[in-house]
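A look at the structure
The lines below spell out each chain.
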4 protein chains.
Amino acid sequence: MTDDPPGGFLTLGDLEAAAAAKAPPDVWEFVQGGAGEETTLRGNRDAFHRQTLRPRVLTGVDRVDLRTTILGSPVAAPFFVAPTAYQGLLCADGELATARASSAAGLLSVYSTLSTRSLEEIAAAAPERPRWFQLYLQPDVDVARRLVERAERAGYRALVLTVDMPLLANRDRQLRSGVAVDGPAPIGNGPDVHSPPRALPPDGGRFTLRVDTGATWDVLDRLREWTRLPLVVKGVLTGEDARQAVDHGAKAVIVSNHGGRQLDGAPATLEALPEVVAAVGRDAEVYLDSGVRRGSDVLMALALGARAVGLGRPVLWALAAGGEAGVARLLSLLAVDVATVMALTGRTTVAAIDRSLLGTPRW
Amino acid sequence: MTDDPPGGFLTLGDLEAAAAAKAPPDVWEFVQGGAGEETTLRGNRDAFHRQTLRPRVLTGVDRVDLRTTILGSPVAAPFFVAPTAYQGLLCADGELATARASSAAGLLSVYSTLSTRSLEEIAAAAPERPRWFQLYLQPDVDVARRLVERAERAGYRALVLTVDMPLLANRDRQLRSGVAVDGPAPIGNGPDVHSPPRALPPDGGRFTLRVDTGATWDVLDRLREWTRLPLVVKGVLTGEDARQAVDHGAKAVIVSNHGGRQLDGAPATLEALPEVVAAVGRDAEVYLDSGVRRGSDVLMALALGARAVGLGRPVLWALAAGGEAGVARLLSLLAVDVATVMALTGRTTVAAIDRSLLGTPRW
Amino acid sequence: MTDDPPGGFLTLGDLEAAAAAKAPPDVWEFVQGGAGEETTLRGNRDAFHRQTLRPRVLTGVDRVDLRTTILGSPVAAPFFVAPTAYQGLLCADGELATARASSAAGLLSVYSTLSTRSLEEIAAAAPERPRWFQLYLQPDVDVARRLVERAERAGYRALVLTVDMPLLANRDRQLRSGVAVDGPAPIGNGPDVHSPPRALPPDGGRFTLRVDTGATWDVLDRLREWTRLPLVVKGVLTGEDARQAVDHGAKAVIVSNHGGRQLDGAPATLEALPEVVAAVGRDAEVYLDSGVRRGSDVLMALALGARAVGLGRPVLWALAAGGEAGVARLLSLLAVDVATVMALTGRTTVAAIDRSLLGTPRW
Amino acid sequence: MTDDPPGGFLTLGDLEAAAAAKAPPDVWEFVQGGAGEETTLRGNRDAFHRQTLRPRVLTGVDRVDLRTTILGSPVAAPFFVAPTAYQGLLCADGELATARASSAAGLLSVYSTLSTRSLEEIAAAAPERPRWFQLYLQPDVDVARRLVERAERAGYRALVLTVDMPLLANRDRQLRSGVAVDGPAPIGNGPDVHSPPRALPPDGGRFTLRVDTGATWDVLDRLREWTRLPLVVKGVLTGEDARQAVDHGAKAVIVSNHGGRQLDGAPATLEALPEVVAAVGRDAEVYLDSGVRRGSDVLMALALGARAVGLGRPVLWALAAGGEAGVARLLSLLAVDVATVMALTGRTTVAAIDRSLLGTPRW
């Protein structure tokens, strides 16, 4: 990472604008769009905008330390690269660029079942830092098992099971743009790996809908038979489900509404976070993604009990805008922003970010 | 119903846009406009946007079943075609196209006193599925009685009495567009059938207004003398009136603000629903219309106690956009959307949609 | 009043649009503008938009009667023409047109101290109906007294003392448009009659501001010595002041923020109304103005305890749009709208409009 | 100050518009921009817009007196010129113009460590009125001490320590406009005086951020050793910090979010004010800045317990628009506006502005 280069990206908005200009229009709509009328997509940002922070002053902020641990692994900052599919649509190197940049920054990164590159290629690109593998359950259970075994073999340190996509949501913007939702790009992990299905239109007179991935909570028990990797459950928005996850052996849950891309009508993740934190207690770590764009967002989530937050779309912007260097720039910008907001609120360590930081929501 | 045809309609927004392009401008304003400043028209959508859903995961959603019953009749999904006047303005076949498409889809449909085609023609177009007849009271009581008797004879299975239109509201948009509000098209049920009246400007110095349809609740008792069809009361927004309807023999009530076309200032139907459900208890079924556009809207209404929801304007869009095929497409799109949202919230049957699905409103 | 003429005005919006096209731009800004950033101007409309109405159905609305009394005088409807200055800016006949149209409609009308025509001319134009005279206190107390005596002699039936204008507010829009705020037109009541003053810029180093009309509540006692006309106090927004008015002999108070033209930051009149009604009890009548545009607004105010509501800017629109015929059209349109909303909410008399009509505010 | 000159500035909006047209674009973005997404910048205005005022009438407002004292010094009005950096960017005379105009108006003014002119030049320009010096702590403690000693020597009457800028925030708008945030103009107080630092991008793999000004509360004790000037702490948004300030000897605190330029996510100052007032009690004076634009804003802050309010950006607008005459015009306009709102709410003295003036927030 370097200091502001002339002509460089100074804000996340610069990365987004550059990506919008470079990405093919249909890919751009795929990246930016949400489910339905995008109420939840907007709601995620609104929740961060409504929350206020109570800054403390003169606490002595001569050094601000962003370091923390995630499932025991030391990381340079309390944010990570969330899994997003098909990164090769944004930049030729795809996930390799992401892996190199996040590894160099000392950050955790998570890779999707639907990566453009294979999980082994990604592992080879950046061996030093913690990597996690995100799993979509597969119609053929053996395909899923082989993915898990490959991830463990390739040195991934945790398995992130996504549970909020039994099927693909209706995404109006994406449908209008013409991106075929069930497979916009080759899947690097092999031809037998599948994206979650769309709902099929019903046959005449019968509205019974077949969905192929009807997993229940015991799928966690099965996964624990397949692997010794810790399990992380991604896509939980209620205390009840968070508790279920922990009771079935999950070491962490990710409060996520899939970036507003699945259930339009789901609450903002910042609003769902407190009940998940309360339900889980000290039994597991809690992370949050969906809508994180600023250092202040990171602090709000941490103040409400998240241990770390994930970045989705911004990584895709950075890939399109500048490949590996773009991702490096993104991570540096966010780190500086987190540190700045910590200094401005009088916090010098991640541990000092607690509920006393939170003010009354705006209205 | 067929799978996505090339060039087909992929969202309700596509149907609306195609209709806007095809319908004559004055007809389009008639369809889209609401009463007054359209506060209630917007409020209907706002209420759905504010409500959040608490999705449950890993509940096993390998089959999602939309079937339910409405007044005992099995239907393929918990939504129905609400009555709308003058469908012939949007498509030459008018109500015949609606009847064929909704019947093929296994859905209930309701036809207006002010249909462009006669109730007998509609019945002949699609005899297999439940049809209901919507009644506007008439200045001449015998005209109303003959309509009821014809509907019963033609095999309509319930009588829907609209109670929120003793007269036509002031609809600014419609007035500006030049659609004559008291009779935009021929009425298929005969020349002696009338639309509800407009308020007449007062004579000099006297602001006493004559309205010709001053019915009271005992009109339900009279209707029960005329017919053995079950009575449904449409246009109720308070618990008190819902209770009155049930006490006068109604088997169901429809929480409706006439799509925002009558009383500007009326609450959103989603907001009025709970008090109606509480007042009625188990004594009648409750339905809701006005503003339903998405699968998530359907689930919200069902979660608050509605047994089914009605579709008004979207059917008119579909008729204008593609006639019978357009309506078929609309019903298929909504069915897939309902099923998708059920899967995404972890519900596989209509019976499983209850209040635990509802989160805190957004702000 | 006549039925919809071809090319006639069908909505208040038509009148406003026609007025905007006809009135000189600076006059138009004078009419439309409010104080400061126009927060209160917008707030008046927002309050009506937020309030919901609980419609009752099947109550038997074959006749809707708008008649009521205001301070004992029978009027054709529960709304009146509020006093507005300089009506001659909008139409050559000025207040004479207003007087003729409101008198023909059987409605109360109130005329400003700052009328373009003299109070005697106005009285002569329309002798049959109740007229009230609005008084701005004058720097020279004898000028005020002569105005009161002239009004009583000319048959005005009440004296409306405006108390919210000890000086003119800062009205940004008006200042920008170049209308000289202290006297945009000749004052018909004579050259010694003055508009309320503007605050004068302070002299160097002293921010003590001279205001010339520093009246206190005992001014009401003085007015009662000058005249036997009943006193109405206009421009009250708190229960405390309403009580003071009654205790000093006022027979009625008008809850008004001067159409958002005086104190930017004042509450919406609909929000201030309940505390005034509670403070006054049965000891005086309460009216409301500022932002009334629709029949539903009238019902909301009446439901909260107002006996009648005043119309300000719409009368100016109507004058500009069509002179006397324009005002007649406005009054007819509003009467039909009030009657329509009464029918749609199941109320056939003004007395039946009570708090049970009010639903929960929208958000 | 003079009466409205032909072609003069009639509103603060006129001053802002003139400044926008005259200032170089990058300077303008520097002036107008806030931190991050400018949520707090907008929030400051929203808070004033939401608050309502309860006007009292007929209280006898023939004279309105704006005079008050600030830390014992008589001033002509309860507002002052807040410290803003680099006034020379807006007008060649910079702070000298501000000093002359505010002194002539009998108002307190505060000058920044980062003034374009030296504190001695400013003092010489306008010796008669109270002036305060604002201090940014310096990397070299001796530099800070010399600044304090110079200020005391030059007759400044209080020392305002800014505590909300241990480092510069990320200001997206400013970054995009290309203004180098760490030094847009020469600093008049000498080449060894520094602006607060920006956060530096972290080195590879380490996100520990160095900040050079990690002061703690005992800095106030040190300042009291250096000078007998009363200490004012600027940039406090919590009751806890306000109490700390008082306990460390501060005579006053300024509730400020630095005009929305530092912590995006901080509450509006009007919302933070009550808890600061409650925490401080009678032990210190409390002032407020950030977003004050209207007389009604001044009254709202005073009603909630502020003794006076500061003006930031508007002074920069006035400087750009008209130099010393522009600032004089600004101060006169605001004084007239404050006096007008006092008259319209029935208050003739600053002491009469209390909580009874405040109504319910708007929504």
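Above this text you will find the structure in question.
Report on the accompanying structure. Residue numbering note: each chain is counted from 1, following its sequence as written. All chains are assigned letters beginning at A, and all ligands numbers beginning at 1, according to the order in which they are written. Where totals are concerned, whole chains, interfaces and linings use all residues; where local detail is concerned, this predicted model gives features only for residues with pLDDT of at least 70, and gives and counts side-chain atom pairs only at 80 or more. Side-chain numbers here rest on the full set of heavy atoms in the structure, without hydrogens or water.

1. Focus on the pattern of salt bridges
Using the following cut-off: One speaks of a salt bridge when a side-chain nitrogen belonging to Lys or Arg is within 4 Å of a carboxyl oxygen belonging to Asp or Glu. Helix and strand definitions follow DSSP, with helices as H or I runs of at least four residues and strands as E runs of at least two, each counted in order from the N terminus. For the exposure calls, accessible area comes from a 1.4 Å probe over protein chains only, and a residue counts as buried if that area is under 20% of its type's maximum, exposed if over 50%, partly exposed in between.
Within this structure, the stated rule accounts for 83 salt bridges over all chains. Residues B:Asp337 and B:Arg294 are paired through a salt bridge, measuring 3.9 Å at the closest nitrogen-oxygen approach. With a gap of 43 residues between them, B:Asp337 in helix 12 (residues 313-344) and B:Arg294 in the loop between strand 11 (285-288) and helix 11 (295-303) connect regions that are remote in the sequence. Comparing B:Asp337 with B:Arg294, the two get one shared label, buried. Residues joined in a network through salt bridges with shared partners are A:Glu29, A:Glu38 and A:Arg173.

2. Side note on the pairing of strand 7 (residues 158-162) of chain B
Residues and elements named next belong to chain B. This is how it is decided: Criterion used throughout: strands pair if DSSP finds at least two bridges between them. Clockwise travel from the first strand over the helix to the second, with the strands pointing away from the viewer, marks a crossover as right-handed.
The element strand 7 is extensively covered by neighbouring structure, given that five of its five residues are classed as buried. Residue alternation in strand 7 divides its side chains into two sets, Ala158, Val160 and Thr162 and Leu159 and Leu161, and both sets are buried. For strand 6 (residues 131-135) and strand 7, the ladder comprises four bridges, and the chain directions are parallel. What sits directly across from Phe133, in strand 7, is Leu159. You can see the chain leave strand 6, run along helix 6 (residues 141-153) and come back into strand 7, and the turn it takes is right-handed. Two elements, strand 7 and strand 9 (residues 231-236), share four bridges in a ladder whose sense is parallel. Bridge assignment links Leu159 to a residue of strand 9, and that residue is Leu231.

3. Some points on the interface of chain A and chain D
Keep this limit in mind: Any two residues whose heavy atoms approach within 4.5 Å at even a single point are treated as in contact. Here the quantity called buried area is the accessible surface, traced with a 1.4 Å probe, that two parts lose on coming together, added over both. Pairs of N or O atoms within 3.5 Å make up the polar contacts considered here, provided that, within protein, one atom can donate a hydrogen while the other can accept it, and that residues adjacent in sequence are counted only when both atoms are side-chain atoms. Basically, the charged four are Asp, Glu, Lys and Arg, the nonpolar ten are Ala, Val, Leu, Ile, Met, Phe, Trp, Tyr, Cys and Pro, and anything else, Gly included, counts as polar.
Listed per partner, the contact involves 45 residues of chain A and 51 residues of chain D. Summed over both partners, the interface of chain A with chain D comes to about 4000 Å²; 58% of that surface belongs to carbon and sulfur atoms. Run the count over chain A and chain D and you get five salt bridges. Linking chain A with chain D are 12 residue pairs in polar contact (both at pLDDT 80 or more). Residue assignment for the side of chain A that touches chain D shows that the elements contributing at least two residues are helix 3 (39-50), strand 1 (63-65) and helix 12 (313-345) of chain A. Looking at the side of chain A that touches chain D element by element, the count peaks at 11 residues for helix 12 of chain A. For the side of chain A that touches chain D, a count of residues per class yields 21 nonpolar, 11 polar and 13 charged.

4. Here we look at the relation of the copies chain B and chain A
Note the cut-off: Here the copies are matched by least squares. The fit uses the C-alpha atoms of residues with pLDDT of at least 70 in both.
It takes a turn of 90° to lay chain B on chain A, together with a shift of 0.0 Å along the axis; the resulting RMSD is 0.0 Å. Both copies of the chain, as the preceding transformation shows, are related through a four-fold rotation axis. Across chain B, the smallest distance between a C-alpha and the rotation axis is recorded for B:Trp363, namely 5.7 Å.

5. Examining the environment of C:Val336
Summarising the element assignment, C:Val336 is placed in helix 12 (residues 313-345). Residue class for C:Val336 comes out buried when judged on its relative accessible area of 10%.

6. As for the side chain of A:Thr52
In this fold, A:Thr52 is placed in the loop between helix 3 and strand 1. A polar atom in the side chain of A:Thr52 sits 2.7 Å from the backbone oxygen of A:Thr360.

7. Let's talk about helix 9 (residues 239-247) of chain C
In an α-helix there are 3.6 residues to a turn, and that puts residues three or four apart on one side. All names here are of chain C. Defined as follows: Working definition: the arc comes from the directions between the helix axis and the C-beta atoms, pointing outward to the latter.
Here helix 9 has its buried residues at Gly239, Asp241, Ala242, Ala245 and Val246. Along the long axis of helix 9, the arc covered by the buried residues comes to 165°, so they all point the same way. Packed against the buried residues of helix 9 are helix 8 (218-226), strand 9 (231-236), strand 10 (252-255) and helix 10 (269-280). Looking one or two residues beyond helix 9, the residue adopting positive phi is Gly249, at roughly 100°.

8. Quick look at the packing of aromatic side chains
Here is the rule: Any Phe, Tyr or Trp ring, taking Trp's six-membered ring, that has another such ring centre within 6.5 Å forms a pair; planes under 30 degrees apart are called stacked, those over 60 apart edge-to-face, and the others tilted.
Summed over all chains, the structure comprises 16 aromatic pairs over all chains. When the ring of B:Phe80 is compared with that of B:Tyr287, the centres are 5.8 Å apart and the planes differ by 75°; the resulting orientation is edge-to-face. With a gap of 207 residues between them, B:Phe80 in strand 4 (residues 79-81) and B:Tyr287 in strand 11 connect regions that are remote in the sequence. We classify B:Phe80 as buried; its relative accessible area is 1%. Overall, the relative accessible area of 0% leaves B:Tyr287 in the buried class. On the numbers, 6.0 Å between centres and 75° between planes, the contact of C:Phe133 with C:Tyr156 is edge-to-face. Taken together, the residues C:Phe133 in strand 6 (residues 131-135) and C:Tyr156 in the loop between helix 6 (141-153) and strand 7 (159-162) connect sequence positions 23 residues apart.

9. With respect to the interface of chain B and chain A
Facing the 46 residues of chain B at the interface are 49 residues of chain A. Between chain B and chain A, a total of about 4000 Å² is buried, with carbon and sulfur atoms accounting for 58% of that surface. The largest per-residue losses of area from chain B upon contact with chain A belong to B:Leu58, B:Leu344 and B:Arg362, which jointly make up 19% of the total buried on that side. Linking chain B to chain A there are five salt bridges. Of the charged contacts, one joins A:Glu275 and B:Arg54 as a salt bridge, the two residues approaching to 2.8 Å between their closest N and O atoms. Breaking the side of chain B that touches chain A down by element, the ones donating at least two residues are helix 3 (39-50), strand 1 (63-65) and helix 12 of chain B. No other element matches helix 12 of chain B, which puts 10 residues into the side of chain B that touches chain A. When its residues are assigned to classes, the side of chain B that touches chain A shows 22 nonpolar, 11 polar and 13 charged.

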